Amino acid sequence: MIGSRLTAFWALVRRLSGDDAYERYLRHHAQAHPHEAVPGRKEFFKREQERKWDGVRRCC
Amino acid sequence: MGSSISRRMAWLAVAVTGAGAVGGIALNRGESINALWFVAAAACVYTLAYRFYSAWIAARVLVLDETRATPAERLDNGRDFVPTNRWVVFGHHFAAIAGPGPLIGPTLAAQFGYLPGTLWILIGAVLGGCVQDMTIMFFSTRRDGRSLGQMARDELGPVGGAAALTGTLMIMVILIAVLGLVVVNAMKHSPWATATVAATIPIAVLVGVYMRNIRPGRVLEGSLIGLALLLFAVAGGGWIDHSETLRPLFDQEGLTLAWFVIGYGFLAAILPVWLLLAPRDYLSTFMKLGTIFLLAVAIVLLRPEIRMPALTQFTDGSGPIFGGKLFPFVFITIACGAVSGFHSLISSGTTPKLLANERDIRMIGYGGMVLESFVAIMAMIAATVLDPGVFFAINSPAGVVGKEAADAVAKISAWGFPVTVEQMQFLAREMGEKTLFARTGGAPSLAVGMASIFGSAFGDGLLALWYHFAIMFEAVFILTTLDAGTRVGRFMLQDFLGNFSPRLGQTSWYPSVLLTSGAIVAAWGYFLYIGVIDPNGGVNILWPLFGISNQMLAAVALSVATGILVKSGKLRHAWIAGVPLAWLAAVTTTAAYEKIMSADVRIGFFAAANDLAAKLAAGSLPPGKAAVAPQLIFNQQLDAWLTLFFVVVLWVVIFDMLRVCARHLQGKPVQPLTESPHEPSRLVELWVRD
């Protein structure tokens, strides 16, 4: 019971921080484009950071 | 039936408690009042507004449709369009909207006493800011997550679109300048603060390299290492402060530090994001959420007494921190925390792409702003738990109270806020600073307030550490805003220049990157430079300018919202955006009028310029001041024109919106609504099936 709560909490923390972004992307990729090559973790991280910061992301 | 009655009784109890707490705050004229009253009043006002007003807007005005597929579902690409759990979206949205603004504004506005700022934060948020964020988020969600600028162009026309874009660019420049000034003032002649803030840069780079090369994408690991290093840097700053050889290296004049901040801003804008900007943002987000949570816990545990009176004599416009009467200046000074136009840029474009269901808009749009408003209330508490004498000694610029400590305490004590030189020296020593006189900008006084709250709640011996922790916490996310803002400004400029030269519009062409980054940095660097050489501290000029520009952007957002409501046949309910719009228009216009026309040199830009020019001509200025006077005169005139520009843009957008509404109501053709067609959501049934 406590174990499953902790697992859920840890999943939430990873999700909130973006720690699991690559795993989520892999799942999406496998489903949406199963026959295309997947970018590596490093490449994905760099590309995502660049995409993320090309608009207004932080406020006053 | 029984449960319905007991539920009603519970809500009645909330309403009565809320009314009692707000009344208690408003009518208290005793020596002091407990901070718990503020927390109680805020909690009740927010709960009631969220439960009833936001529910009514969601159900009756916007008519959120939970069966309709959101852009995240329809356009899911696994990256920016992703249907996401609403608590996760709430976390992202809150981390994005809550910056240094709600901490600084209330601190400065505390010069009027605790009451005006507190009431404006509560009322402005639930009737204005929350509504703006929620409606803009809804309209953007119905339009594939388009940005505010695009919506303004599509729904009102090219004039509205251009106004939104220029507004965004200008606000960015002013915001970065004033935030840069806040950091510079916090580091000025403070080796400990300077060393700690400087250390955050290599720490961010280290974390960036870790996340990119050593353990790619391991955001949590990298952030934890970074956070440990940041705490170590706070302690290490103290060590540097005590070292005879290292101390002078970090003991710098404001102007030198300003040049460092400008150079840093340029570097951060041209370096790859993964190296500095992204890791710094991870650190600042964790730091921000952690500290805000800690502050809330400390306030509830400690229940400090508020020492500032409800109202001070400075409501008449003679305040030392910034000149100007209670109306309209309290409403300009506190933008973030009550209504912030900047939020509409996050509420459109960014957050809507993550929403899994339209019904989450109420919690994330309205609720997110409620939480930010609560941060502003805590900042107000942290500013007003200080002795008023100490508060004014820290925040009054030398140009107003005098350079010598004895002059300053005499003047502040004469206002009826007793303070002594010994008291200030003792406090400075406890905080590990050389002096706390004239440390304008709000950050040092907030840090003293936070340190005293944390110190009493979690152990008194570490005041200096808590103080520099608070300074580091503010500096870290101010610098994030500075990096991110410069970058966005650069993209906007490149986008604009691309109309004339496609080459310049390429965001990856390095000469264009250098040129446009340089232009944006030069723009805010100019205002930062002037702010630093201004003997009156600069904040008194820049913060109102920032407030006016931010409220102007809010007015653009609310105009878009009002226009769409009217065009959607919801004229009867368009007041939910129209009333805050009218209030902001009145406040911003009055403030702008006074900043331009007032004959009081502490308020009117032209008056100040003319006064200084006359003194310069008469030769009555001391040599140091005479040398910078021409630049100050030019700047005051420039600020006046800038204010005029903001207010013109504001009214152009309002009239454009009124024109569109009038045409629509007369049955004449207008830009059609650009809402995406209804597609049923499949997520609901998928969840059921799974």
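Cut-off values and rules
Residues numbered from 1 in each chain as written. Chains lettered and ligands numbered in written order. Predicted model: local features only at pLDDT ≥ 70, side-chain atom pairs only at ≥ 80, totals over all residues. Heavy atoms only, no water. Contact = heavy atoms within 4.5 Å. Buried area = accessible area lost by both parts, 1.4 Å probe. Salt bridge = Lys/Arg side-chain N within 4 Å of Asp/Glu carboxyl O. Polar contact = N/O pair within 3.5 Å; in protein donor to acceptor, adjacent residues only side chain to side chain. Helix = DSSP H or I, 4+ residues; strand = E, 2+ residues; numbered from the N terminus. Nonpolar A, V, L, I, M, F, W, Y, C, P; charged D, E, K, R; others polar. pLDDT = per-residue confidence, 0-100. Buried < 20%, exposed > 50% of the residue type's maximum accessible area, 1.4 Å probe, protein only.

**Overview of the interface of chain B and chain A**
- On the side of chain A, 31 residues touch chain B, which itself brings 53 residues to the contact.
- Carbon and sulfur atoms make up 64% of the surface buried where chain B meets chain A, a total of about 3,500 Å² over both sides.
- When the buried area of chain B at its contact with chain A is split by residue, B:Arg79, B:Arg212 and B:Leu220 rank highest and sum to 17% of it.
- For the pair chain B and chain A, the interface holds three salt bridges.
- A:Arg51 is the salt-bridge partner of B:Asp80, the closest N and O atoms lying 3.9 Å from each other.
- Where chain B meets chain A, there are 11 residue pairs in polar contact (both at pLDDT 80 or more).
- In terms of residue count, helix 4 (residues 86–97) of chain B provides more of the side of chain B that touches chain A than any other element does, seven residues in total.
- Across the side of chain B that touches chain A, the residue classes break down as 30 nonpolar, 16 polar and seven charged.

**Concerning the confidence of the model for chain B**
- Confidence along chain B averages 94 in pLDDT terms, with 99% of residues attaining 70 or more.
- Confidence scores differ between elements of chain B, with helix 28 (residues 683–689) of chain B showing the lowest mean pLDDT of 55 and helix 6 (residues 114–141) of chain B the highest of 98.

**Re helix 17 (residues 388–395) of chain B**
All names here are of chain B.
- Burial runs high along helix 17: eight of the eight residues are buried.
- Within the sequence span of helix 17, burial applies to Pro388, Gly389, Val390, Phe391, Phe392, Ala393, Ile394 and Asn395.
- Here the buried face of helix 17 lies against helix 5 (101–109), helix 16 (360–384), helix 19 (405–414), helix 20 (421–430) and helix 21 (443–458).

**A few points about helix 5 of chain B**
- Summarising burial for helix 5 of chain B: nine of the nine residues are buried, a large majority.
- Among the residues making up helix 5 of chain B, those that are buried are B:Gly101, B:Pro102, B:Leu103, B:Ile104, B:Gly105, B:Pro106, B:Thr107, B:Leu108 and B:Ala109.

**Considerations on unusual backbone geometry**
Residue and element names in this part refer to chain B.
- Cis geometry marks the peptide bond from phenylalanine 327 to proline 328; its omega dihedral reads 5°.
- Mapped onto the elements, proline 328 comes out in helix 14 (residues 326–333).
- You will see that valine 63, though not glycine, has its phi angle at about 55°, which is positive.
- With respect to the helices and strands, the residue valine 63 is situated in the loop between helix 2 (35–61) and helix 3 (71–74).
- Phi at histidine 189 is positive, roughly 50°, even though this residue is not glycine.

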